[in-house]
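Given next are the chains, with one letter for each unit.
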Amino acid sequence: VSPVTVLRVLGALVVLGLLSACVPSAPSPESWREDARRAVSDVAGEVATAQLALEQETADHLLGGYAVVVVVEAEELSGDAATAFESAQPPPVEEKRYDRVTKQLDEATGLITDARIAVAAGDEAAYPTLVRQLERAGRRLDRLEQSLEQPPGGSG
Amino acid sequence: MKKYLAVALGVLSAIGGFVDIGDLVTNAIAGARFGLSLGWVVVLGVVGICVFAEMSGRVAAVSGRATFDLVRERLGPRMGLLNLVGSMGVTVLTFIAEIGGVALAIQLVTSVNELLIVPFVALLVWMVLWRAKFTWMENVLGLLGLALVVFAVALWQLAPDWSRLGHQMAAVDKPGDESWLTWAFYAVALFGAAMTPYEVFFFSSGIVEEGWTVKDLGLVRANVFLGFPLGGVLSLAIAGCTAVVLGPLDIGVDTLGQVGLPVAVALGKVGLAIALAGFVAATFGAACETGLSAGYSIAQYFGWQWGKYVRTDKAARFHLVLVLVTLLAVGVLMTGVDPILVTEVSVVFSAVALPLTYFPILVVANDPDYMGEHANGRLANLLGTVYLFILLIVAVAAIPLMVLTGMGA
């Protein structure tokens with residue numbers, strides 16, 4: 001085999017690689033569900049963290065800026081988890097649930113942002129409502145996580 | 001009386017000094033996710049660190065020379081270099097994690113971004129390493145680290161179902177929603193955190209710094225056999241707190257702020273203030289210990305003058321290493337890398353480096369030419385050999401488990 005042929009084959013492989021990199025590839029439905037469950041679980045954990053921090057702040061159990069730091073970090077981590085999940089291409093059979101998952105993740109991260117704004121502003125009057133909203137969001141995320149254990153059609 | 005006070009002080013410092021950012025984070029994560037089902041790993045790790053710390057302490061007290069000094073002489077420059085590279089890499093990584101940990105702890109009180117705090121923490125650490133007396137540094141920071149006892153008080157105050165926690169610890173089991181691979185990854189990480197190599201370097205070099213001799217072997221053993229196990233109890237208390245408060249809420253620990261929340265739940269503001277003081281003291285103390293250990297390791301390997309009791313101009317290269325390592329830590333942390341991630345990586349790589357660190361200690365402690373009548377007895381050799389076997393398994397499994405579980409995700 002001449003060096004020129006080898007170079008041609010290598011060049012063709014590089015071009016093929018570049019072309020395939022331009023097309024976002026969808027993961028398998030099973031792999032997508034696993035990623036979705038993980039993202040929902042991560043965001044649910046951050047929702048619970050924000051809720052616990054708000055409850056402790058209400059009970060005057062936290063010092064100085066502790067609640068602010070905890071809620072800001074929860075906001076960043078939940079945002080990262082939601083963004084990472086949303087940027088992945090869903091398989092065609094899961095497009096409907098992709099919309100449902102992203103909607104709930106966005107709602108949950110938005111709630112954590114509301115909590116951060118309230119804590120940073122020291123708006124104590126808003127805490128009880130936010131705690132209830134975060135609790136409800138957490139329950140919804142738990143149900144969503146359970147439903148993602150089943151393939152589409154097998155869930156509620 | 002003075003001697004008993006010295007023993008008590010040493011033991012208390014060892015308890016406070018045992019817990020560092022790796023123990024804090026890894027135990028908190030493991031507790032929140034696995035309850036106390038990995039508590040036996042902490043016990044296994046504490047027994048292991050006791051076995052090898054006693055050996056290296058005995059070597060230092062008998063020979064008046066620290067670990068690397070003897071490893072190079074006894075096993076040759078090649079084995080010594082391998083030992084140096086493995087343990088130095090982990091020690092520097094741990095040093096970076098500890099400085100980041102101090103910044104995170106201060107951030108929790110001040111709300112100032114950790115990146116703005118890191119340079120000041122690093123400067124303070126370096127000043128302590130340069131100017132503070134060794135005994136002051138060891139005792140003051142160790143005693144302040146005792147503030148972490150607040151986790152044990154918080155656990156008691158939370159009134160958990162003790163029989164359930166005991167059962168979790170006794171039964172080698174895992175929660176249903178976790179995989180065995182992830183369980184094994186955290187077992188390796190907890191073991192790495194408990195047996196971090198710098199603890200042994202710092203301990204043995206400290207013995208040389210303080211001029212302890214064969215007459216002080218009782219003091220060495222009191223520090224090891226009382227201080228480290230009681231430090232292990234603190235680790236278990238941290239895991240217990242997160243198991244009781246964060247576990248039922250499905251909160252996975254990703255930040256230092258989450259680690260402190262159970263104490264706030266149990267003891268309110270005062271408890272949290274004590275826990276934060278403990279975070280700062282434990283991580284600052286460990287930053288000083290790892291920084292010094294990095295300097296000790298390199299200086300001992302190359303045969304340079306080293307130590308805090310030696311005048312700065314006489315141990316210039318040792319102090320230059322301290323400056324360079326501190327600058328490296330600041331450089332890495334200023335990239336914005338998450339100190340918690342650095343911590344998680346450091347405990348895994350600590351597990352990888354364990355045989356490189358502890359095998360030479362076993363060899364030297366067993367050599368009658370160096371140790372005379374104080375060479376290892378049968379029990380020390382048996383335990384050392386069994387642990388070496390465990391260390392090999394852990395070291396081989398660490399990286400594959402890290403890759404397969406995506407850092408325990």
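Residues numbered from 1 in each chain as written. Chains lettered and ligands numbered in written order. Predicted model: local features only at pLDDT ≥ 70, side-chain atom pairs only at ≥ 80, totals over all residues. Heavy atoms only, no water.

Peer 1: How would you explain the overall build of chain B if you had to name every residue and give the values?
Peer 2: Each helix and strand in chain B was counted, giving 16 helices and zero strands. Taking 409 residues into account, the globule formula puts the C-alpha radius of gyration at 22 Å, and chain B, at 20 Å, falls close to it. Across its three principal axes, chain B shows a C-alpha extent of roughly 55 × 50 × 45 Å. With 409 residues in all, chain B has 60% of them scored as buried. The long-range share in chain B, meaning contacts at least 24 apart out of those at least 6 apart in sequence, stands at 83%. Between the centroid of the 20 positive side chains of chain B and the centroid of its 25 negative side chains there is a distance of 11 Å. (Helix = DSSP H or I, 4+ residues; strand = E, 2+ residues; numbered from the N terminus. Rg over C-alpha atoms; globule rule 2.2 N^0.38 Å. Buried < 20%, exposed > 50% of the residue type's maximum accessible area, 1.4 Å probe, protein only. Contact = heavy atoms within 4.5 Å. Lys, Arg positive; Asp, Glu negative; His and termini not counted. Charge placed at Lys NZ, Arg CZ, Asp CG, Glu CD.)

Peer 1: Lay out the side chain of Thr-26 of chain B with the relevant residues and their values.
Peer 2: Within the secondary structure layout, Thr-26 of chain B lies in helix H2 (residues 21–34). Apart from residues no more than four positions distant in its own chain, Thr-26 of chain B is found in contact with Ala-189, Leu-190, Ala-193 and Val-347 of chain B.

Peer 1: A description of empty space enclosed by the protein should follow, citing residues and the corresponding values.
Peer 2: Residues and elements named next belong to chain B. Under the defined criterion, the tally for this structure stands at seven cavities of 30 Å³ or more. Around the second largest cavity sit Ser-56, Val-59, Ala-60, Arg-65, Ala-66, Thr-67, Leu-70, Val-71, Ser-204, Pro-360, Ile-361 and Val-364, which together line it. Only helix H3 (39–63), helix H4 (67–110) and helix H14 (339–365) provide two or more residues apiece to the lining of the second largest cavity. A breakdown of the residues in the lining of the second largest cavity according to their chemical character gives eight nonpolar, three polar and one charged. (1 Å grid on protein atoms, 1.4 Å probe; cavity = no way out; pocket = protein on both sides within 12 Å on 5 of 7 lines; lining within 4 Å. Points joined across faces, edges and corners; volume = space filled by probe spheres on them. Nonpolar A, V, L, I, M, F, W, Y, C, P; charged D, E, K, R; others polar.)

Peer 1: Before we move on, could you go through the confidence of the model for chain B and cite the residues and values that matter?
Peer 2: All names here are of chain B. In the predicted model, chain B carries a mean pLDDT of 87, and the fraction of residues at 70 or more is 96%. Mean pLDDT in chain B bottoms out at helix H1 (residues 2–18), which sits at 64, and peaks at helix H7 (residues 150–157), which reaches 96. Both confidence scores are given for the complex: pTM 0.87, ipTM 0.85. (pLDDT = per-residue confidence, 0-100.)

Peer 1: Residues and numbers for the packing of aromatic side chains, please.
Peer 2: In this description, an aromatic ring pair is defined by two values, namely the gap between the centres and the angle between the planes. According to the stated counting rule, one finds 13 aromatic pairs over all chains in the structure shown. Residues Trp-180 of chain B and Trp-183 of chain B carry aromatic rings whose centres are separated by 5.0 Å and whose planes lie at 80° to one another, so their mutual orientation is edge-to-face. In this pair, Trp-180 of chain B and Trp-183 of chain B both sit in helix H9 (residues 180–194), three residues apart, roughly one turn of the helix. With relative accessibility at 45%, the residue Trp-180 of chain B sits in the partly exposed group. An aromatic cluster is present here, built from Trp-32, Phe-85 and Tyr-98 of chain A joined pairwise through their rings. In this structure, Arg-131 of chain B packs its charged tip against the face of Trp-130 of chain B, placed 5.1 Å from the ring centre. (Phe/Tyr/Trp six-rings, centres within 6.5 Å; stacked < 30°, edge-to-face > 60°. Lys NZ or Arg CZ within 6 Å of the ring centre and 35° of its normal.)

Peer 1: How would you sum up the interface of chain A and chain B? Please name residues and give values.
Peer 2: With 19 residues of chain A at the contact, the number on the chain B side is 24 residues. Sorting the residues of chain A by area buried against chain B places Leu-52, Leu-63 and Tyr-66 of chain A first, and these three jointly supply 33% of that buried surface. Counting across the interface, chain A meets chain B through one salt bridge. One salt bridge connects Lys-269 of chain B with Asp-60 of chain A, and the closest N-O pair in it is separated by 2.8 Å. One can count eight residue pairs in polar contact (both at pLDDT 80 or more) joining chain A with chain B. Breaking the side of chain A that touches chain B down by element, the ones donating at least two residues are helix H2 (29–58) and helix H3 (66–86) of chain A. In terms of residue count, H2 of chain A provides more of the side of chain A that touches chain B than any other element does, eight residues in total. Looking at side-chain class alone, the side of chain A that touches chain B contains nine nonpolar, six polar and four charged residues. (Buried area = accessible area lost by both parts, 1.4 Å probe. Salt bridge = Lys/Arg side-chain N within 4 Å of Asp/Glu carboxyl O. Polar contact = N/O pair within 3.5 Å; in protein donor to acceptor, adjacent residues only side chain to side chain.)

Peer 1: I'd like a description of the environment of Leu-52 of chain A, backed by residues and values.
Peer 2: With respect to the helices and strands, the residue Leu-52 of chain A is situated in helix H2. Along the chain, Leu-52 of chain A and Ala-118 of chain A lie 66 residues apart, while their C-alpha atoms are 14 Å from each other. Apart from the residues within four sequence positions on either side, Leu-52 of chain A is in contact with Val-245, Leu-246, Leu-249, Ile-251, Leu-261 and Val-265 of chain B.

Peer 1: Describe the side chain of Glu-114 of chain B, and please don't skip the residues or the numbers.
Peer 2: Tracing the chain through its elements places Glu-114 of chain B in helix H5 (residues 114–131). The contact partners of Glu-114 of chain B, leaving out residues within four places of it in the chain, are Ala-103, Leu-104, Gln-107 and Pro-339 of chain B.

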